[in-house]
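# Remarks on the overall topology
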2 protein chains.
Amino acid sequence: MVQLDDLDRAILRLLKKDARLTISEIGEKLRKPESTIHFRIKKLQERGIIGRYTIVVGKDLQPKKAAFVIVRVKTPVIEDFLERYLEYITRTLAMLPNVLMVSKSGEDTILVLVGEETEEKLNRFIEENINALPTLKEVVVLPIREFKKGSDIIGFLAGV
Amino acid sequence: MVQLDDLDRAILRLLKKDARLTISEIGEKLRKPESTIHFRIKKLQERGIIGRYTIVVGKDLQPKKAAFVIVRVKTPVIEDFLERYLEYITRTLAMLPNVLMVSKSGEDTILVLVGEETEEKLNRFIEENINALPTLKEVVVLPIREFKKGSDIIGFLAGV
């Protein structure tokens, strides 16, 4: 486990909320001298605790409708084919801009997060790019109705 | 749809990769005067196209094992209870630090992203906090084996 004290964590929490905060603003909020904050952030960056700085795009650039799609692949006679086929499908899907996330989950399953402007376009996208894949056992579409936590992932993952 | 030209999109793409880039660095990369870049970023912020600036935490702070968990709830006799129950479950789950994401997906389904230090701890967490919920129809655990796209969401969502 990483060694982080309360100050490190407080700095990280502030930067997660707004990475544009200046050293002096962070110092003020946490009642610590700028030099301390500067040193801590430098260390956090050097140690890779802060992996990178990025932006979350606003609603206007986010797809309006999103769905998780669970794809289960048929087990082929020659077992070795399964992994190669999953590799091929996931790599191909990852290249599509409407695919926000792809993961291999378990031996024969992939989970995809897709986004589109409208529900109709989203369904067509799934129909044409996922349902159309050969040798699938099952495709379950879970349209996202509401996020209770982590809603930011859409703005984080959305392409520009 | 939002009106964005190629320069706006190029700036957004650079900031997504590294939001610490200075105006002058962006200007150099895109061969545009600093004043132009400054103006464009200001507009992108004002319009909320850039929603916010944030950090992605590194591997050391990320849970080592993560899984998507699909939870299907039994439809109660009194239909009205379903939504209230989903609301209750999702809100409760959202408060747990090991729960990185929660969404309501479809009428009776929720999708949860959970993370833990080890597979054993992850399974115990799911057992105690999800399987233990009353009146579930089905719980499907999809352990994430490999991301092909969007692997960053773990470092984006991880708590500190």
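As a reminder, the structure under discussion sits directly above these lines.
Residues numbered from 1 in each chain as written. Chains lettered and ligands numbered in written order. Predicted model: local features only at pLDDT ≥ 70, side-chain atom pairs only at ≥ 80, totals over all residues. Heavy atoms only, no water.

## As for the relation of the copies chain B and chain A
For the pair chain B and chain A, the superposition axis carries a translation of 0.0 Å, the fit reaches an RMSD of 0.0 Å, and the rotation angle comes to 180 degrees. Both copies are brought into coincidence by an operation consistent with a two-fold rotation axis. For chain B, the minimum C-alpha distance to the rotation axis belongs to Thr-54 of chain B and amounts to 2.7 Å. Comparing interface residues between copies, 100% of those in chain B also lie at the interface in chain A; the contact surface is shared. (Least-squares fit on C-alpha atoms with pLDDT ≥ 70 in both. Contact = heavy atoms within 4.5 Å.)

## Comments concerning the packing of helix H1 (residues 6–17) of chain A against helix H3 (residues 34–46) of chain A
Residues and elements named next belong to chain A. Axis separation between H1 and H3 bottoms out at 10 Å; the angle between their running directions is 80 degrees. Classed by the angle they form, the pair H1 and H3 counts as roughly perpendicular. Contact with H1, carried on its side by Leu-7, Asp-8, Ile-11, Leu-12 and Leu-15, involves Thr-36, Ile-37, Arg-40, Ile-41 and Leu-44 of H3 and no other residues of that element. Of the residues contributing to the contact of H1 with H3, the split by class is seven nonpolar, one polar and two charged. (Axes fitted to C-alpha atoms, helices over the stretch in contact; angles between N-to-C directions. Helix = DSSP H or I, 4+ residues; strand = E, 2+ residues; numbered from the N terminus. Parallel < 35°, antiparallel > 145°, perpendicular 65-115°, else oblique. Nonpolar A, V, L, I, M, F, W, Y, C, P; charged D, E, K, R; others polar.)

## Quick word on helix H4 (residues 80–94) of chain B
Under the 1.5 Å per step criterion, the end-to-end length of H4 of chain B is 22 Å for 15 residues, consistent within 8% with the ideal 21 Å. Leu-82, Tyr-85, Leu-86, Ile-89, Thr-90, Leu-93 and Ala-94 of chain B are the residues of H4 of chain B that are buried. The buried residues of H4 of chain B occupy an angular sector of 160 degrees when projected down its axis, which confines them to one face. In H4 of chain B, the exposed residues that point more than 90 degrees away from the buried face are Arg-84 and Tyr-88 of chain B. The inward-facing, buried residues of H4 of chain B abut strand E5 (136–149) of chain A together with strand E2 (65–73), strand E3 (99–105), strand E4 (109–116) and helix H5 (119–131) of chain B. (Expected span 1.5 Å × (residues − 1). Buried < 20%, exposed > 50% of the residue type's maximum accessible area, 1.4 Å probe, protein only. Arc of directions from axis to C-beta.)

## Some points on unusual backbone geometry
In terms of backbone geometry, most residues other than glycine have negative phi values and most peptide bonds are trans. Backbone geometry at Arg-31 of chain A places phi at a positive 55 degrees, although glycine is not the residue there. If you trace the backbone, Arg-31 of chain A turns up in the loop between helix H2 (23–30) and H3.

## Points about the sheet that holds E3 of chain B
The strand order around the closed barrel built from eight strands is E2(A)-E4(A)-E3(A)-E5(B)-E2(B)-E4(B)-E3(B)-E5(A), with neighbouring strands paired in antiparallel fashion. Between one strand and the next, the sheet's axes are offset by a mean angle of 35 degrees, whatever the strand orientation. In this sheet, strand E4 (residues 109–116) of chain A lies alongside strand E3 (residues 99–105) of chain A in antiparallel orientation, the contact comprising five bridges. Residue Lys-104 of chain A lies in a different strand from E4 of chain A, and its bridge partner there is Ile-110 of chain A. (Pairing = 2+ DSSP bridges.)

## As for helix H1 (residues 6–17) of chain B
All names here are of chain B. End to end, H1 covers 17 Å across twelve residues, agreeing with the expected 16 Å (1.5 Å per residue, within 8%). Along H1, the residues that are buried comprise Leu-7, Asp-8, Ala-10, Ile-11, Leu-12, Leu-14, Leu-15 and Lys-16. Measuring from the backbone nitrogen of Leu-7 back to the side-chain oxygen at the start of H1 gives 3.1 Å, which picks out Asp-5 as the cap. (Polar contact = N/O pair within 3.5 Å; in protein donor to acceptor, adjacent residues only side chain to side chain.)

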